[in-house]
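Topology and contacts: notes
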Amino acid sequence: MRISYSSLEKFRICPLKYKFSEIDKLKEPSRKEFVFGSYLHKVLKWFYQNDPHFPTLDQLIDYYYKHWPKESEGFRWTDEKEEADYFQEGLRILREYYIKNMPHQSVILDLETKFEVVLNGNSSQTNDKHILTGRIDRIDKLPDGSLEIIDYKSNKKVASQAEVDKNLQLSLYATGVKNRWPKIDVEQMRLSLYFLKFNEKMETRRTSEDLDLSLIHI
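Report follows, based on the coordinates. Source: prediction; values computed, not measured.

Rules used throughout
- Residues numbered from 1 in each chain as written.
- Predicted model: local features only at pLDDT ≥ 70, side-chain atom pairs only at ≥ 80, totals over all residues.
- Heavy atoms only, no water.
- Helix = DSSP H or I, 4+ residues; strand = E, 2+ residues; numbered from the N terminus.
- Buried < 20%, exposed > 50% of the residue type's maximum accessible area, 1.4 Å probe, protein only.
- Polar contact = N/O pair within 3.5 Å; in protein donor to acceptor, adjacent residues only side chain to side chain.
- Contact = heavy atoms within 4.5 Å.
- Core = buried A, V, L, I, M, F, W, Y, C linked by side-chain atoms within 4.5 Å.
- Axes fitted to C-alpha atoms, helices over the stretch in contact; angles between N-to-C directions.
- Parallel < 35°, antiparallel > 145°, perpendicular 65-115°, else oblique.
- Left-handed = near helix turned anticlockwise from the far one by under 90°.
- Nonpolar A, V, L, I, M, F, W, Y, C, P; charged D, E, K, R; others polar.
- Patch = residues over 30% accessible without salt bridge, like charges linked within 9 Å, V, L, I, M, F, W, Y side chains within 5 Å.
- Areas by Shrake-Rupley, 256 points an atom, 1.4 Å probe, with all protein chains shown as cover.
- Salt bridge = Lys/Arg side-chain N within 4 Å of Asp/Glu carboxyl O.
- Lys, Arg positive; Asp, Glu negative; His and termini not counted.
- Charge placed at Lys NZ, Arg CZ, Asp CG, Glu CD.
- Expected span 1.5 Å × (residues − 1).

**A word on the side chain of Lys153**
- Turning to its location among the elements, Lys153 is positioned in strand 4 (residues 147-153).
- Residue Lys153 is classed as buried on the basis of its relative accessible area of 18%.
- Of the polar contacts made by the side chain of Lys153, one reaches the side chain of Asp151; its length is 3.1 Å.
- Of the polar contacts made by the side chain of Lys153, one reaches the side chain of Gln169; its length is 2.7 Å.
- Discounting chain neighbours no more than four positions away, the residues touching Lys153 are Gln169, Leu193, Tyr194, Phe195, Leu196 and Lys197.

Put into structure tokens, the structure is as follows:
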């Protein structure tokens, strides 16, 4: 079986919702929070694609203005004030993000990196393999030569350090990167969740044993 991390998380939260979406293929209206968060991801991806000649703050804001999602993309704002509030919130987030993170000190290795993690399978029995797939927002090479995995979050709440330390998504990302670059020292890898609304990055690390335990408990 091949499944994305988002689908797995959907099943963990609500099996019935997973059935409607993934098995019955019923489409649900796009939630405005999801559309807004996805758009911030899109803007930041464009921004970092220009590494090492990053756009100015004015250019970043100009891109944000020009590509603001339209209602024709599968959702509808309640009214003009709601749309304006979301739009202004995005401007605030991007301005504060730019001020805090520029000039950029690390090297962008990849954006929206696809990864695969094989669960409960072995090479001799293909039918027993379960492949978990996903995308990593950003992978940076830090000045000391180590790697940092960064995942953007548009949540309305910042996770606690304890929650970040136990975060399954980060463990899977680390496993996916280790599969791609086997010589990487996992324990030197920095794993980060960047909460855009609060302009705060929470960091953690994993050991090889941590990753093995995470896969066992999926």
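**Some remarks on the nonpolar core**
- Within the largest apolar cluster, 30 residues are counted, with the highest numbers of intra-cluster contacts made by Tyr48, Tyr64, Trp68, Leu94, Tyr152 and Leu196.
- Taken together, the elements giving at least two residues each to this core come down to helix 3 (32-49), helix 4 (57-66), helix 5 (80-101), strand 2 (107-119) and strand 4.
- Here this core takes 8 residues from helix 3, the largest share from any one element.
- Among residues more than four places away in sequence, those in contact with Trp68 are Phe36, Tyr39, Trp77, Glu83, Tyr86 and Phe87.
- Ile149, Leu172, Leu193 and Leu211 belong to the second-largest nonpolar core, a separate cluster that totals 25 residues.

**Structural notes on the packing of helix 4 against helix 5**
- Interaxial distance between helix 4 and helix 5 falls to 10 Å at its minimum, and their mutual angle equals 155°. Taken together, helix 4 and helix 5 sit at an angle that is classed as roughly antiparallel. Here helix 4 runs over helix 5; the crossing is right-handed. Across the interface between the two elements, Leu57, Leu60, Ile61, Tyr64 and Tyr65 from helix 4 touch Tyr86, Phe87, Gly90, Leu91, Leu94, Arg95 and Tyr98 from helix 5.
- Among the residues making up the contact of helix 4 with helix 5, the classes are represented as 10 nonpolar, 1 polar and 1 charged.

**Description of a negative patch on the surface**
- On the surface, Asp185, Glu187, Glu209, Asp210 and Asp212 cluster together into a patch of negative charge.
- Judged by relative accessible area, Asp185 falls into the partly exposed class, the value being 43%.

**Remarks on helix 7 (residues 168-180)**
- Across its 13 residues, helix 7 extends 19 Å between first and last C-alpha, which sits within 8% of the 18 Å expected from 1.5 Å per residue.
- Within helix 7, 10 of the 13 residues are buried, which leaves it mostly tucked inside the rest of the structure.
- In this structure Asn167 caps helix 7, since a side-chain oxygen of it lies 3.1 Å from the backbone nitrogen of Gln169.

**With respect to the pattern of salt bridges**
- The tally for this structure, following the rule as stated, stands at 14 salt bridges.
- Residues Lys32 and Glu82 are paired through a salt bridge, measuring 3.3 Å at the closest nitrogen-oxygen approach. Remark: Glu82 occurs in helix 5 and Lys32 occurs in helix 3; sequence separation between them is 50 residues. You'll find Lys32 and Glu82 in the same group, each marked buried.
- A cluster of three or more residues bridged by salt bridges with shared partners is formed by Glu89, Arg92, Glu96 and Lys197.

Without other data, these values stay purely geometric and don't point to any function.
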